[in-house]
Amino acid sequence: LPEDHARAKKLAEGLAGIKGIALDASAVETNIVIFCLEGKWAAAQDVVAKLSSHGVLAGAAGPASIRMVTHADVGDADVERALNAFREIAGH
């Protein structure tokens with residue numbers, strides 16, 4: 001579980017650096033990361049579908065909110081893949 005929390009923190013810190021993602025990475029203390037999409041982002045369910053096409057699983061937690069969870073089956077490479085998928089979707 002400590003590894004899951006560390007990976008969630010790494011994910012949160014990476015997401016917080018992407019324009020249009022509202023997330024206070026310092027508030028992430030468990031393996032659950034919830035954040036809001038702002039600005040030019042599509043609706044959360046559309047972003048979740050795009051993430052899925054990149055092999056990244058996430059869930060819409062509202063019209064503009066996404067929930068991601070790290071667990072035993074999520075490694076460091078998976079966190080990087082998720083961040084790269086967000087960057088690609090965001091056009092960075």
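Here goes a summary of the coordinates provided. (Residues numbered from 1 in each chain as written. Predicted model: local features only at pLDDT ≥ 70, side-chain atom pairs only at ≥ 80, totals over all residues. Heavy atoms only, no water.)

Details of the side chain of Asp 4
Part 1 of the reasoning: Looking at where Asp 4 falls in the secondary structure, it is placed in helix 1 (residues 2–16).
Part 2 of the reasoning: Here Asp 4 occupies a buried position and makes no salt bridge, while the nearest side chain of opposite charge, Arg 7, is found at 4.4 Å.
Part 3 of the reasoning: If we ignore the near neighbours within four places in the chain, the residues touching Asp 4 are Asn 31, Thr 70, His 71 and Ala 72. (Helix = DSSP H or I, 4+ residues; strand = E, 2+ residues; numbered from the N terminus. Buried < 20%, exposed > 50% of the residue type's maximum accessible area, 1.4 Å probe, protein only. Lys, Arg positive; Asp, Glu negative; His and termini not counted. Salt bridge = Lys/Arg side-chain N within 4 Å of Asp/Glu carboxyl O. Contact = heavy atoms within 4.5 Å.)

Section: the side chain of Asn 31
Part 1 of the reasoning: Here Asn 31 lies in the loop between strand 1 (21–22) and strand 2 (32–37).
Part 2 of the reasoning: Relative accessible area serves as the criterion here: at 16%, Asn 31 is assigned to the buried category.
Part 3 of the reasoning: A distance of 2.7 Å separates a polar atom in the side chain of Asn 31 from the backbone oxygen of Thr 70.
Part 4 of the reasoning: In this structure, Asn 31 is in contact with Asp 4, His 5, Ala 8, Met 68, Val 69 and Thr 70, ignoring residues within four places of it in sequence. (Polar contact = N/O pair within 3.5 Å; in protein donor to acceptor, adjacent residues only side chain to side chain.)

Observations concerning the nonpolar core
Buried together is how nonpolar side chains tend to be arranged in soluble globular proteins.
Part 1 of the reasoning: Ranked by internal contacts, the top residues of the largest apolar core, which has 26 residues, are Leu 15, Ile 21, Val 33, Phe 35, Ile 66, Met 68 and Phe 86.
Part 2 of the reasoning: Those elements that place two or more of their residues in this core are helix 1, strand 2, helix 2 (44–53), strand 4 (65–69) and helix 3 (76–90).
Part 3 of the reasoning: In terms of residue count, helix 3 provides more of this core than any other element does, five residues in total.
Part 4 of the reasoning: Excluding residues within four positions of it along the chain, Ile 21 makes contact with Leu 15, Ala 16, Phe 35, Cys 36, Leu 37, Trp 41 and Phe 86. (Core = buried A, V, L, I, M, F, W, Y, C linked by side-chain atoms within 4.5 Å.)

Description of the sheet that holds strand 4
Part 1 of the reasoning: The strand order 1-2-4-3 describes an open sheet built from four strands, whose pairing is antiparallel. Pairing within the sheet leaves two strands with one partner each, and these edge strands are strand 1 and strand 3 (59–62).
Part 2 of the reasoning: In this sheet, strand 4 lies alongside strand 3 in antiparallel orientation, the contact comprising three bridges. Looking at strand 4, one finds that Ala 60 is bridged to Ile 66.
Part 3 of the reasoning: Packed on one face of the sheet, helix 1 meets strand 1, strand 2 and strand 4 and runs near 10° to strand 2.
Part 4 of the reasoning: The strands touched by helix 2 are strand 2, strand 3 and strand 4; relative to strand 3, the strand with the most contacts, the crossing angle is about 170°. (Pairing = 2+ DSSP bridges. Axes fitted to C-alpha atoms, helices over the stretch in contact; angles between N-to-C directions.)

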